[in-house]
Amino acid sequence: MNHPRPGLSKLRLDPTVCDAHGFCAEVLPELITLDEWEFPVFISGGLTVEVPHELLGEAKRAVSACPVLALRLSKED
Amino acid sequence: MTSITPRLLPPDPVTGRALDMRSLSAHEAHFGPAPRVAVATKGRPESLIDEISASGLRGRGGGWFPTARKMHAVVESAAARKALSSGRKAVVIANAMEGEPASSKDAILLSHSPHLVIEGIQAAAATIGASNAYLAVHRGSPLIPILDEVLAQRSGIDRVPVELITPPARYVASEESALTHWAGDGEATPVYGARPFQRGMNGRPTLVQNAETLAHIALIARNGGAWFASAGVPDAPGTTLVSVGGAVAQPGVIEVATGSPVTDILNRCGGVTGSIQGFLTGGYGGAWVSTTALQTTTWAPDPVREAGGVIGAGILLALGSQHCPLEEMARVAMWMAGESAGQCGPCRFGLPTVADDLATLAGREGSIQDIHRLNERLALIVNRGGCKHPDGTARFISTGIHTFHAEVAHHANGHCSASSNHFALPIPEGRAVPVNRAGKDFK
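**Q** Could you give me a rundown of the overall build of chain A, with the residues and numbers involved?
**A** Each helix and strand counted, chain A has two helices and five strands in total. The order of helices and strands in chain A, counted from the N terminus, is β-α-β-β-β-α-β. Split into buried and exposed, the 77 residues of chain A put 26% on the buried side. If you take every contact in chain A between residues at least 6 apart in sequence, the share linking residues at least 24 apart comes to 64%.

**Q** How would you explain the pairing of strand β1 (residues 9-13) of chain A if you had to name every residue and give the values?
**A** Judged from the four bridges that link them, β1 of chain A and strand β4 (residues 48-51) of chain A form a sheet pairing that is antiparallel. Note on β4 of chain A: the bridge partner recorded for Leu11 of chain A is Val49 of chain A.

**Q** Explain the sheet that holds strand β7 (residues 239-246) of chain B residue by residue, including any values.
**A** All names here are of chain B. Read from one edge to the other, the open sheet built from five strands follows the order β8-β7-β13-β10-β11, with strand pairing classed as mixed. Edge positions in the sheet fall to β8 (252-257) and β11 (287-289), since each of these pairs with one other strand and no more. Strand-to-strand, the axes of this sheet are offset by a mean angle of 30°, without reference to chain direction. Summarising the sheet, β7 and strand β13 (residues 315-320) pair through four bridges and their orientation is parallel. Across the sheet, Val244 pairs through a bridge with Leu316, a residue of β13. Each of β10 (276-281) and β11 is contacted by helix α17 (residues 389-403), which is oriented at about 20° to β11, the strand it contacts most.

**Q** Tell me about the domain arrangement of chain B, and name the residues and values.
**A** Residues and elements named next belong to chain B. The domain architecture assigned to chain B consists of domain 1 (24-230), domain 2 (240-320) and domain 3 (325-412). A C-alpha centroid distance of 22 Å is found between domain 2 and domain 3. Listed per partner, the contact involves eleven residues of domain 2 and 13 residues of domain 3. Within the residue set of the side of domain 2 that touches domain 3, elements represented by two or more residues are β10 and β11.

**Q** Just give me the short version of the confidence of the model for chain A, but keep the residues and values in it.
**A** Of the residues in chain A, 90% have a pLDDT of 70 or more, and the chain-wide mean is 91. No element of chain A has a lower mean pLDDT than strand β5 (residues 71-74) of chain A, at 95, and none a higher one than strand β3 (residues 40-42) of chain A, at 98.

**Q** Please provide a residue-by-residue account of unusual backbone geometry, values included.
**A** Keep in mind that most residues, glycine aside, have a negative phi and that most peptide bonds are trans. If you check the backbone angles, Glu38 of chain A has positive phi at about 70° while not being a glycine. Relative to the elements of secondary structure, Glu38 of chain A occurs in the loop between β2 (32-34) and β3.

**Q** Run through the pairing of strand β1 (residues 91-95) of chain B, naming residues and quoting values.
**A** All names here are of chain B. When you tally the buried positions in β1, you get five out of five residues, the bulk of the element. Residues Val91, Ile93 and Asn95 of β1 are buried on one face, and the alternating residues Val92 and Ala94, pointing to the opposite face, are buried as well. Bridge analysis of β1 against strand β2 (residues 132-136) gives five bridges, and the strand direction is parallel. Pairing of Val92 across the sheet is with Ala133, part of β2.

**Q** So, the nonpolar core: which residues are in play, and what are the values?
**A** Formed by 133 residues in total, the largest nonpolar core has its most connected members in Ala94, Ile121, Ala333 and Leu358 of chain B. In this structure Ala94 of chain B touches Val117, Ile121, Tyr134, Leu135, Ala136, Gln209, Ala211 and Leu214 of chain B, once residues within four positions along its chain are discounted. Formed by 17 residues, the second largest nonpolar core is a distinct cluster that contains Cys18, Leu31, Ile32 and Val51 of chain A.

**Q** Please set out helix α5 (residues 114-128) of chain B residue by residue, giving values where relevant.
**A** All names here are of chain B. Across its 15 residues, α5 extends 22 Å between first and last C-alpha, which sits within 8% of the 21 Å expected from 1.5 Å per residue. Within α5, 15 of the 15 residues are buried, which leaves the element mostly enclosed by the surrounding structure. Once α5 ends, the next one or two residues include Gly129, with phi positive near 75°.

**Q** Could you give an account of the sheet that holds strand β4 (residues 206-210) of chain B, with specific residues and numbers?
**A** Residue and element names in this part refer to chain B. Spatially, the four strands line up as an open sheet ordered β3-β2-β1-β4, and their pairing is parallel. The open sheet has two edge strands with one neighbour each: β3 (162-165) and β4. Averaged over all neighbouring strand pairs, the angle between strand axes comes to 20°, with direction disregarded. Examined bridge by bridge, β2 and β3 share four bridges and lie parallel to one another. By the bridge assignment for β3, Ala133 is matched with Val162. Along the sheet face, helix α6 (residues 143-153) touches β2 and β3 and points at about 170° away from the line of β3.

**Q** So, the packing of helix α16 (residues 368-381) of chain B against α17 of chain B: which residues are in play, and what are the values?
**A** Residue and element names in this part refer to chain B. At a minimum axis separation of 9 Å, α16 and α17 run at an interaxial angle of 150°. Taken together, the axes of α16 and α17 are roughly antiparallel relative to one another. Where α16 crosses over α17, the handedness of that crossing is left-handed. Residue-level inspection shows Asn375, Leu378 and Ile381 of α16 in contact with α17, the latter providing Pro390, Ala394, Ile397, Ser398 and Ile401. Residues of the contact of α16 with α17, tallied by class, amount to six nonpolar, two polar and no charged.

Rules and cut-offs
- Residues numbered from 1 in each chain as written.
- Chains lettered and ligands numbered in written order.
- Predicted model: local features only at pLDDT ≥ 70, side-chain atom pairs only at ≥ 80, totals over all residues.
- Helix = DSSP H or I, 4+ residues; strand = E, 2+ residues; numbered from the N terminus.
- Buried ≥ 20, exposed ≤ 12 C-beta atoms within 10 Å, placed from the backbone.
- Contact = placed C-beta atoms within 7 Å.
- Pairing = 2+ DSSP bridges.
- Axes fitted to C-alpha atoms, helices over the stretch in contact; angles between N-to-C directions.
- Domains from an automatic or database assignment.
- pLDDT = per-residue confidence, 0-100.
- Core = buried A, V, L, I, M, F, W, Y, C linked by C-beta atoms within 7 Å.
- Expected span 1.5 Å × (residues − 1).
- Parallel < 35°, antiparallel > 145°, perpendicular 65-115°, else oblique.
- Left-handed = near helix turned anticlockwise from the far one by under 90°.
- Nonpolar A, V, L, I, M, F, W, Y, C, P; charged D, E, K, R; others polar.

Spelled out as structure tokens, the structure:
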């Protein structure tokens, strides 16, 4: 379980929507890699990852780069 | 430990077999008349919820989540929605899908004490103010004609009519959100991030409870929470059904108090037969445990977890030493891969790949490197699906690799100790027919 720190944005993946386009890992390699089937793997190991302030711009780009809208950025838990 | 009188499956005093109480008169002769439960109004649950809370009852579908807390959550979201005047009333779904092939407790319960389950549905529905109730068994289930007959006997008795629904038999269809989705206007596929207690069937607050949990509620409504908690361990009280299978003299479903020594459970099934190389707990989404660790523990969520296992829906299966654990696991892993809804990449691609890895090892064509790669893949599959199907399957495999490590290494060196040519782990007939890459048919 991740323990969210207040104020930090979180990137959230809906795995039922993700179709392995892989753009997110290109835009945000600091937080996202791809598995052998090219599905994203967050460095957190789960389906949400905390986004440090300095990567917020890239995280927003990753969200809009996803053709199937599988990524969301949110402030709340 | 004193032996406990079975509550859900009382035995015939002469034969010792569970009484057949499909007829309402036989049911009432044993259990007494149905409990009267006041109907919740004004968004407040009825007092039975306090008894359920006091009973300490936890869900028997596998998660062992506190039942009263789940009921409170449904009541609260129903009240919140009513306040928003979008308020349609709550729904109860009794889950008797029994997706785990090694489980038969819900089928045994519903074919012996079906009225108890339906009374539990009624009591739960009244307590949370639900206006609709469903009983889900899988499509093609032999329970369907039995339950049709049981429900016909109850026409005019039940405040909330219970509708029998039959979703597809697929393993993931019994998952709570998949079941709720299907009961509404959706498909029998898990819904990521779903909170059925808030927005369940067609958006209504939905209480999904396992059939056994509801049967316990029917008895708590009669006898109270303190009575319920007088059996079993304090943090998971009561009696519980266990499907005991594999290498035991009399496989079947027994009712035990939680906290019973596992050796007592095995002895009640006539004891193990022959040499045992390990135990499967919790089914194909569960965990393998070594013989020593399991035989020295007791059957309750915490001690079984400390032994490395998981009670889940109450499955205990002894694997005889004549079977090849790798062949068994490869076959089950392929079947589980086929039972996926195929919505998420790690499940859709990961499970067939690790099943293939197991088949390679089982066929004595794998090396130590292949074992390492399999372990890496298993670690990468977990926590990344919309439901727990991939996680459960990965746990089934990784605990097996650990429990049977000597035999796994033996295979990597080109040997197999098995002598049997039939399989110990059951696979439902007429579904996915997996074939081993090494060329051996998995029947």
